[in-house]
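Report on the structure
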Amino acid sequence: MSWTDERVETLKRMWAEGQSASAIAKELGGVTRNAVIGKVHRLGLSNRSDEPEPAPAPAPEPVAEKKADRKPAPTAQAPRPEPQPEPAAPAREETAEEEPVSQPVFTPVPRRPIVPAGQPLPPQPSANEISPETLASVREVEKRARKLTLMELTERTCKWPIGDPATDKFWFCGLPSQPGKPYCEAHVSVAFQPMSSRRDRRR
DNA sequence: CCCTGATTCGC
DNA sequence: GCGAATCAGG
């Protein structure tokens, strides 16, 4: 395999996306991660945070007040440390503003990163019917879970989610996954059900 | 042990 | 230019 324009383009794109060299190599095929890394360096884009898109600096001052500022002329050429990014205050717009609200206590909205599943991450144990023995077995296995974070998952780690994603008690099993499967043996057994036991029940 | 990128150096 | 081998780390 050679580095055709197309392949180089793919390489650049994926590298820019933060993909690992091995992932890129796998995507391209016919090359090893070493080849990818070597090419990356030759292309001179090894610096991930060079300055591809330093766009994040949106003028933090929409409309500066043109009031009579008694600020002394900015003779001081001292480099401004960093414009304090003012968190956009969530505007509280009430149609009926006559609320006897004493103190505006708005919830900070603790946005918890939702997992962008790159692959179909099947479900948590649902109301399925799993034999108590299997369930107990899984429970036991989960005690020994490696408790990996999303970023720590690889193709060889069990990706079974454990716990409540909305809390800190959330992690992934992380035990050695079955070859070709996304889960460890225990979780494979509960993940891939032959969908049989469910007899149609009339309603 | 699994993985990551960085570097070297014969080709 | 290429990339396997190796290095240095997590």
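Per an unreviewed UniProt entry, the recorded name for chain A is GcrA cell cycle regulator, and the organism is Paracoccus aerius.

Now for the protein's contact with DNA strand C. Every residue close to DNA strand C is listed here: Met-1, Trp-3, Thr-32, Asn-34, Ala-35, Lys-39 and Arg-42. Interatomic distance of 2.3 Å between a side-chain N/O atom of Thr-32 and a phosphate oxygen of DNA strand C. Between a phosphate oxygen of DNA strand C and a side-chain N or O atom of Lys-39, the distance comes to 2.5 Å.

Our focus in this paragraph is the environment of Gly-180. Its place among the elements puts Gly-180 in the loop between strand E2 (170-172) and helix H5 (185-191). As for Gly-180 and Glu-155, which are separated by 25 residues in sequence, their C-alpha atoms are 8.3 Å apart.

What follows concerns the nonpolar core. Within the largest apolar cluster, 13 residues are counted, with the highest numbers of intra-cluster contacts made by Ala-145, Cys-158, Trp-160, Ile-162, Cys-173, Tyr-183 and Cys-184. Listed in part, the ten residues of the second largest apolar core include Ala-21, Ile-24, Leu-28 and Leu-45.

The final tally for this structure, using the stated rule, is three salt bridges. The partner of Glu-17 in a salt bridge is Arg-13, with the nearest N and O atoms 3.3 Å apart. Residue classification places Arg-13 among the partly exposed residues on the basis of a relative accessible area of 43%. Ionic pairing is found between Lys-26 and Glu-155, a salt bridge with its closest N-O pair at 2.1 Å. Here Lys-26, found in helix H2 (residues 21-28), pairs with Glu-155, found in the loop between helix H4 (132-143) and strand E1 (161-163); they are 129 residues apart in sequence, far enough to count as distant. For the pair formed by Lys-26 and Glu-155, the shared burial category is exposed.

Turning our attention to the side chain of Thr-10. You can see Thr-10 is positioned in helix H1 (residues 5-16). Excluding its chain neighbours within four sequence positions, the residues that come into contact with Thr-10 are Glu-27 and Leu-28.

Another aspect to go through is the packing of aromatic side chains. As enumerated under the stated definition, the model contains two aromatic pairs in all. The interplanar angle of 75° and the centroid separation of 5.1 Å between the aromatic rings of Trp-160 and Tyr-183 together place this pair among those described as edge-to-face. Of this pair, Trp-160 sits in the loop between H4 and E1 while Tyr-183 sits in the loop between E2 and H5, and the two are 23 residues apart along the sequence. This pair shows no difference in class: Trp-160 is buried, exactly as Tyr-183 is. Aromatic pair Phe-170 and Phe-172: ring centres 5.3 Å apart, planes at 70°, arrangement edge-to-face. Taking the relative accessible area as the measure of exposure, Phe-170 reaches 23% and is therefore partly exposed. For Phe-172, a relative accessible area of 3% gives the class buried.

Conventions and cut-offs
Residues numbered from 1 in each chain as written. Chains lettered and ligands numbered in written order. Predicted model: local features only at pLDDT ≥ 70, side-chain atom pairs only at ≥ 80, totals over all residues. Heavy atoms only, no water. Near = heavy atom within 4 Å. Polar contact = N/O pair within 3.5 Å; in protein donor to acceptor, adjacent residues only side chain to side chain. Helix = DSSP H or I, 4+ residues; strand = E, 2+ residues; numbered from the N terminus. Core = buried A, V, L, I, M, F, W, Y, C linked by side-chain atoms within 4.5 Å. Buried < 20%, exposed > 50% of the residue type's maximum accessible area, 1.4 Å probe, protein only. Salt bridge = Lys/Arg side-chain N within 4 Å of Asp/Glu carboxyl O. Contact = heavy atoms within 4.5 Å. Phe/Tyr/Trp six-rings, centres within 6.5 Å; stacked < 30°, edge-to-face > 60°.

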